[in-house]
Amino acid sequence: PQGPLVNRRGPHRIVLIQLRAMKSIVAELVTQALAGIPDLAEAAGDLTIEGTVERTRDPAHGDFASNVAMRLAKPARKNPREIAAQIVEALGGNDTVSKVEIAGPGFINFYLSPGAFHAELESVIEQGEQYGRQPRRDGPKILLEFVSANPTGPLHVGHGRGASYGATVGNLLEAVGYPVHREYYVNDAGRQMDILGASVWLRWLEAAGVEVDFPKGGYRGDYIRDIASDIDTSGIEPVTADDVANGLPENTEENADAFVDALVARCKELHGEDGFARIRQQSLESIRDEIREDLEEFGVHFDEWFSEQSLTKSNRVDDALAVLEERGMLYEKDGATWFPSTRFGDDKDRVVVRDNGVKTYFASDIAYHFDKRERGYDHLIDVLGADHHGYVTRVRGGLEAMGYEAEDLEVQFIQFVTLYRSGKRVQMGTRSGQFDTLRQLREEVGNDAARFYYVMRSNDQHLDFDLDVATSQSNDNPVYYIQYAHARVASVFRQLGEKSLEWDAANGRKSLDLLVESQEAALMTSLSRYPEIVELAAGNRAPQTLVHYLRDLANDFHTYYNAHAFIVDDANLRDARLYLITATRNVIANGLGILGVSAPEKM
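What counts and what doesn't
- Chains are numbered independently. Their residues run from 1 in the order of the written sequence.
- Whole-chain, interface and lining totals are the exception, using all residues; otherwise, since this is a predicted model, local features are given only for residues with pLDDT of at least 70 and side-chain atom pairs are given and counted only at 80 or more.
- Note: side-chain values were computed over all heavy atoms of the structure, leaving out hydrogens and water.
- By the criteria applied, helices consist of DSSP H or I runs no shorter than four residues and strands consist of E runs no shorter than two, each listed in order from the N terminus.
- Partly exposed residues are those whose accessible area sits between 20% and 50% of the maximum for their type, while under 20% is buried and over 50% is exposed, using a 1.4 Å probe and protein chains only.
- Note on contacts: a residue pair is in contact if any heavy atoms of the two residues lie within 4.5 Å.
- Each accessible area is a Shrake-Rupley result for a 1.4 Å probe, and residues are judged covered by the shown protein chains and nothing else.
- For the charge count, each Lys or Arg is scored as positive and each Asp or Glu as negative, with His and the chain ends excluded.
- To locate a charge, take atom NZ for lysine, CZ for arginine, CG for aspartate or CD for glutamate.
- Nonpolar cores are built from buried Ala, Val, Leu, Ile, Met, Phe, Trp, Tyr and Cys residues. Side-chain atoms within 4.5 Å join them into one set.
- The pLDDT score gives, residue by residue, the confidence of the prediction method on a 0 to 100 scale.
- In summary, the pairing rule links any two rings of Phe, Tyr or Trp, Trp by its six-membered ring, whose centres are within 6.5 Å, and it sorts them by plane angle into stacked for under 30 degrees, edge-to-face for over 60 and tilted for everything else.
- At least two bridges found by DSSP between two strands is the condition for calling them paired.
- Every axis corresponds to a line fitted to the C-alpha atoms, with the helix fit spanning only the stretch in contact, and the corresponding angles, defined between N-to-C directions, vary from 0 to 180 degrees.
- For the purposes of these results, a polar contact is taken to be a pair of N or O atoms within 3.5 Å, where, inside protein, one atom must be able to donate a hydrogen and its partner to accept one; residues adjacent in sequence count only when each atom of the pair is a side-chain atom.
- Salt bridges are defined by distance alone: a side-chain nitrogen of Lys or Arg within 4 Å of a carboxyl oxygen of Asp or Glu.

Chemist: I'd like a description of the overall build of the protein, backed by residues and values.
Modeler: A tally of helices and strands in the protein yields 23 helices and 17 strands. Overall, the protein is about 90 × 65 × 40 Å in size when its C-alpha atoms are taken along their principal axes. Burial status across the protein gives 54% buried among its 603 residues. Counted over contacts in the protein with a minimum sequence separation of 6, partners at least 24 positions apart contribute 71%. When the accessible area of the protein is evaluated, it comes to approximately 26400 Å², of which 44% is carbon and sulfur surface. Side chains of the protein carry 64 positive and 94 negative charges; the gap between the two charge centres is 3 Å.

What follows is the structure, encoded as structure tokens:
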């Protein structure tokens, strides 16, 4: 990999950073100046110069500022303003910098020339869809696992947030050059699948006229009846209500787990292991296929749907446990096999094989992450629900115990979504069936609004999803506001055609010096920030950074649109302004594309 490895927002956030576009110009100028000052060059040592350069918040202080002089004051044993003066003197003339000033305790402020922004506009036009994207790297290879909802029911609105976040993070990482493999882990083994199978079995019996006491701990949504009506039960004979109820414990809330477990055992007893397995597998496949269809329609695509069952069938769990055994990382106690996860910061050791020989969920978790690394992926990113915090320490411990780095695993948590309709909170719960599905949400607000709203806030903050705002066609709706900016540019070019005029892009490029209005300067500055924003959003795994940027860019465009006409009589000025708004359209489309949101030509 080329470029430095930088940790962002914590020890496990690894991303390759290579500065792009205009910011890199300033960093390179400072680097060249230091090279001509031997004592300062020596003091700089391994200092990353680009890390000292930031955009200014106030244009009155220039376009970029560097605190390099203050960073060098201690090793160089000089006053930072004196160091800044030496650097400024060594900078010399440059066509891309119109002025350099020393401010405060030793900041160096850079004012870029109009030509620098014009050159950036040319890059936007020439590179088109590739603007803001970095060349693909050979590695490190990233495996991004997200959603991975249990296939026990349709995806609800909470899952949608993980889907939108994970898909957007994958797009961002690819935009900065990473090879990314997107994976959905299908939890298709264990007790929850048994409960699903038993729930479908009972609904099938009900449809056949058999009165049954449905378990409190079963899955009660209407989708269970739909599955029961579609499954192939040939060779599986119906039974009586007495056959089902015989010997079952009391079906109460307090006894819910015992009742449903006994019901699973009864189904296996009445129909055999194979008969129950048929019902369970068909139920699983029905829900998994619906989940896949939902996500595909949502614009969320996976390279692989990894089956938990395959870990057992391929002996991957045994392989992982064998590695731990060889490294002295397992011990026996009370007839069970334990992993000493307290050695790695967990609050207690964890069982991997119970005293009855059954391997635990934790054993599967270790095996799955072992398999990820064995498949050649260097950095593993898991996007998990907020209730999985305890999971991280022990799985990282498992990786470390097998000889990998704990930092190989990065976990991003998705906080809960609260859905509001007409000012009222919508209740959600998978087993009760009281939830709005992702499909219902998409039908109500559309894919664009859903994808956008899910990533408007940081993933580690709770999200209140207001359906009324998301469906409004007004400036209060940020996705509408941004898309409207893109559509407005398209409308300008339609008006140009209606006036029998054509845009001369080459002439526009040559005439950019005519763009002297304050709104034009603001828009050019905003456009030049896009590569840095993509890089920052990718490095921090923070799609909301891109969301906020696009909203600000749209505001700059709308302000420009309301202040000045684009189709003016002066052909040179007209072509220059059309050049600027074409660049704006390109950047908006590129940013929305990363978010998984469309860029309409008409609204």
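Chemist: So what's going on with the nonpolar core? Which residues, and what values?
Modeler: By size, the foremost hydrophobic cluster in this structure holds 150 residues, and its most contacted members are Y184, W201, L441, Y454 and F465. Ranked by residue count, the leading element in this core is helix α23 (residues 571–595), at 12 residues. Once you skip the residues sitting within four places of it in the chain, Y454 turns out to touch V157, G160, R161, S164, F298, V417, L438, L441, L463 and F465. In terms of nonpolar packing, the next biggest core, distinct from the first, is built from 34 residues, L324, A363, L399 and L409 among them.

Chemist: Outline the confidence of the model for the protein, listing residues and values.
Modeler: If pLDDT is low for a region, its predicted coordinates should not be looked at in detail. Looking at the protein as a whole, its pLDDT mean stands at 92, while 95% of the residues score no less than 70. Across residues 1–19, where pLDDT falls below 50, the model places 61 contacts with residues more than four positions away in sequence or in other chains.

Chemist: Lay out the packing of aromatic side chains with the relevant residues and their values.
Modeler: Per the stated rule, a full pass over the model turns up 23 aromatic pairs. Ring geometry for Y453 against F465: centres 5.5 Å apart, planes inclined by 40°, an arrangement best described as tilted. Here Y453 is found in helix α16 (residues 447–454), whereas its partner F465 is found in strand β17 (residues 463–466), with 12 residues between them in sequence. With a centroid separation of 5.9 Å and an interplanar angle of 40°, the aromatic rings of Y530 and Y549 are classed as tilted. Highlighted residues: Y530 in helix α21 (residues 530–539) and Y549 in helix α22 (residues 543–563), separated in sequence by 19 residues. By relative accessible area, Y530 is classed as buried at 1%. Ring-pair connections join several aromatic residues into one group, and the members of that group are F298, F452, Y453, Y454 and F465.

Chemist: Give me the lowdown on the sheet that holds strand β11 (residues 336–339), citing residues and values where you can.
Modeler: Spatial ordering of the open sheet is given by β10-β11-β12, a layout of 3 strands whose pairing is antiparallel. The sheet is open, and its two borders are formed by β10 (331–333) and β12 (350–353), each paired with just one other strand. Across the sheet, the mean angle separating the axes of adjacent strands is 50° when strand polarity is ignored. Sheet topology note: the β11/β12 ladder contains 3 bridges and is antiparallel. Within β12, the residue paired with W338 across the bridge is V351. Along the sheet, helix α13 (residues 361–374) contacts β11 and β12; its crossing angle with β12, the most-contacted strand, is approximately 80°.

Chemist: Give me the lowdown on the environment of N187, citing residues and values where you can.
Modeler: Relative to the helices and strands, N187 resides in the loop between β8 (180–186) and α7 (191–207). Between the alpha carbons of N187 and E50 there is a distance of 44 Å; along the sequence they are 137 residues apart. Those residues in contact with N187 that lie beyond four places of it in its chain are S148, N150, P151, M193 and E308. Polar contacts involving the side chain of N187 include one to the side chain of N150, which spans 3.3 Å.

Chemist: Quick one: what's the story with unusual backbone geometry, residue by residue and with numbers?
Modeler: Residue G139 is joined to P140 through a cis peptide bond whose omega torsion reads 0°. As for its placement among the helices and strands, P140 is situated in the loop between α5 (114–127) and β7 (142–145). One non-glycine residue, S148, adopts positive backbone phi at about 45°. Mapped onto the secondary structure, S148 falls in the loop between β7 and α6 (157–175).

Chemist: Any details on the pattern of salt bridges? Residues and values, ideally.
Modeler: Applying the stated criterion across every chain, the model contains 34 salt bridges. For the salt bridge of K23 with E54, the shortest nitrogen-to-oxygen distance reads 3.7 Å. Of the two residues, K23 is situated in helix α1 (residues 21–35) and E54 in strand β3 (residues 53–55); the sequence distance between them amounts to 31 residues. Residue E54 is classed as partly exposed on the basis of its relative accessible area, which comes to 47%. Between K372 and E145 there is a salt bridge; the shortest N-O distance is 2.9 Å. Linking K372 in helix α13 with E145 in strand β7, this pair joins segments that are 227 residues apart in sequence.

Chemist: Give a description of α16 that names residues and reports values.
Modeler: Taking burial as the measure, the 8 residues of α16 include 6 buried ones, the bulk of the element. Inspection of α16 places A449, A450, R451, F452, Y453 and Y454 among the buried residues, and these make up the whole buried set.

Chemist: Could you give an account of the side chain of H369, naming the residues involved and the relevant values?
Modeler: Within the secondary structure, H369 sits in helix α13. The residues contacting H369, other than those within four sequence positions of it, are L380, D382, Y391, V395, L399 and L409.

Chemist: Any chance you could break down the pairing of strand β14 (residues 409–414) for me, citing the residues and the numbers?
Modeler: Each regular strand carries side chains that alternate between the two faces of the sheet. With respect to burial, β14 is a largely interior element, 6 of its 6 residues being buried. Bridge count between strand β13 (residues 379–385) and β14: 6 bridges; the pairing is parallel. Bridged to D382 within β14 is V411.

Chemist: Any details on the environment of T582? Residues and values, ideally.
Modeler: Locating T582 in the fold gives a position in helix α23. Separated by 92 residues in the primary sequence, T582 and A490 place their C-alpha atoms 8.8 Å from one another. Those residues in contact with T582, other than ones at most four positions away along the chain, are I125, F493 and W503.

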